[in-house]
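So you can see what is in the structure, the chains are spelled out below.
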Amino acid sequence: MRVFLNLKAGLDRLGVPYRVNDYAYAKTHQSQLACIIGKPFVLDKVRWTNRILFGAAVYSHPSDDPQLLERLPVKRVLVPGPWMKTMFEPYWGPSVDVWPVGIDTDLWAPASTAAKTTDILLYDKVRWEHERYEEELIEPIRRVLRAKGVSFLEIRYGYYREEAFNAALAQCRAMVFLCEHETQGIAYQQALSCGVPIIAWDRGGAWQDPAYYPDKVVFEPVTSVPYWDDRCGLTFQGIGDFESKLAGFWENLQAGRFAPRDYVLENLTLEKCAWRYATIAAAVAS
């Protein structure tokens, strides 16, 4: 839903016209492109004859529908990040393209320095084996922060509203981001847009969705920060190097060496990403 809403907002800012869920129009204008954003059940909602641009919310893995391109007139599949494209290409080849949705940089904007009353926002998006990582990663990180006198708040993915996240970012100087891997990572990019530098757990290794790994799919490498450069912050691999990386991160933070919002403004605004989508759609339509 966030992908759909942000794409709409970007297209509106560009003045690009579109129709939403107008199946009757698609049926009577079969030469026009159908842009399908949503999980795969939308593909089977009607009997499609229009050329289809599918994504970026798609199958978790192409093995769920390896004959998709033969079964339906899907001409391009959009995935949200580069490593996901590499994972999909052996199945769907050059039909796979990368497209990240834009971030609303007006809504996710820096707060005043006076509002920064807390050092760190600890963002917990550990999705699998949470009890294990609570013991091996999350609680040890808390101990390091407490030992160094670093104040922190916590927020857990799936247990907050966006307004609460926005308010927490306004209060915190930096963020610790914990997630096994991200296809795009909208939440951490919202933080970057707020001017909040991040120290991110980026363990690399294999894609570990338990619905696929290790019995059905073994793919690597993955990353938790697919859109990133030195302006955004630093990464660490595990609790073994967290403390040393935190020291370097904090030094750079205090020296003002990070510029995370600049990265988002350069690469991930609503307008820029909507323009990319419209350009891809025009190419597929022609």
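This write-up is about the structure you can find in this document. (Residues numbered from 1 in each chain as written. Predicted model: local features only at pLDDT ≥ 70, side-chain atom pairs only at ≥ 80, totals over all residues. Heavy atoms only, no water.)

**Notes on the packing of helix 7 (residues 186-193) against helix 9 (residues 260-267)**
- Where helix 7 meets helix 9, the closest approach of the two axes is 7 Å, and the angle between their N-to-C directions is 115°. Accordingly, the angle class assigned to the pair helix 7 and helix 9 is roughly perpendicular. In this structure, helix 7 contributes Gln 189, Leu 192 and Ser 193 to the contact, and helix 9 contributes Pro 260, Arg 261 and Val 264. (Axes fitted to C-alpha atoms, helices over the stretch in contact; angles between N-to-C directions. Helix = DSSP H or I, 4+ residues; strand = E, 2+ residues; numbered from the N terminus. Parallel < 35°, antiparallel > 145°, perpendicular 65-115°, else oblique. Contact = heavy atoms within 4.5 Å.)

**A look at the pairing of strand 7 (residues 172-178)**
- With six of seven residues buried, strand 7 is to be regarded as a mostly interior element.
- Bridge count for strand 5 (residues 118-124) against strand 7 is six bridges, and the pairing is parallel. Directly across from Ile 120, in strand 7, lies its bridge partner Ala 174.
- Two elements, strand 7 and strand 8 (residues 198-201), share three bridges in a ladder whose sense is parallel. Residue Phe 177 lies in a different strand from strand 8, and its bridge partner there is Ala 200.
- With respect to chirality, the unit in which strand 7 leads through helix 7 into the neighbouring parallel strand 8 is right-handed. (Buried < 20%, exposed > 50% of the residue type's maximum accessible area, 1.4 Å probe, protein only. Pairing = 2+ DSSP bridges. Right-handed = clockwise from strand over helix to strand, strands pointing away.)

**Digging into the packing of aromatic side chains**
- Scanning the model with the defined rule gives 17 aromatic pairs in all.
- Taking 6.2 Å as the distance between ring centres and 55° as the angle between the ring planes, the aromatic pair formed by Tyr 23 and Trp 48 counts as tilted. Within this pair, whereas Tyr 23 is found in helix 2 (residues 23-28), its partner Trp 48 is found in the loop between strand 1 (34-36) and strand 2 (52-54), the two being separated by 25 residues in sequence.
- Assessed through its relative accessible area of 26%, Tyr 23 is described here as partly exposed.
- Taking the relative accessible area as the measure of exposure, Trp 48 reaches 11% and is therefore buried.
- Arranged with centres 5.4 Å apart and planes meeting at 50°, the rings of Tyr 160 and Phe 165 form a pair that is tilted.
- The buried category is assigned to Phe 165, whose relative accessible area is 0%.
- A connected cluster of aromatic rings, assembled from ring pairs, spans Trp 108, Tyr 123, Tyr 160, Phe 165, Phe 177, Tyr 188 and Trp 228.
- Here the basic side chain of Arg 19 rests over the ring of Tyr 25, its NZ or CZ set 3.6 Å away from the ring centre.
- The ring of Tyr 157 has Lys 125 sitting right over it, with the charged end atom 4.3 Å from the ring centre. (Phe/Tyr/Trp six-rings, centres within 6.5 Å; stacked < 30°, edge-to-face > 60°. Lys NZ or Arg CZ within 6 Å of the ring centre and 35° of its normal.)

**Digging into the pattern of salt bridges**
- The final tally for this structure, using the stated rule, is 22 salt bridges.
- Between Arg 19 and Asp 22 there is a salt bridge, and its shortest N-O distance comes to 3.9 Å.
- One salt bridge connects Glu 129 with Arg 132, and the closest N-O pair in it is separated by 3.2 Å.
- Under the relative-accessibility criterion, Glu 129 is labelled partly exposed at 48%.
- According to the relative accessible area criterion, Arg 132 is partly exposed, its value standing at 37%.
- Where salt bridges share partners, they join Glu 134, Glu 139, Arg 142, Arg 146 and Glu 154 into one cluster. (Salt bridge = Lys/Arg side-chain N within 4 Å of Asp/Glu carboxyl O.)

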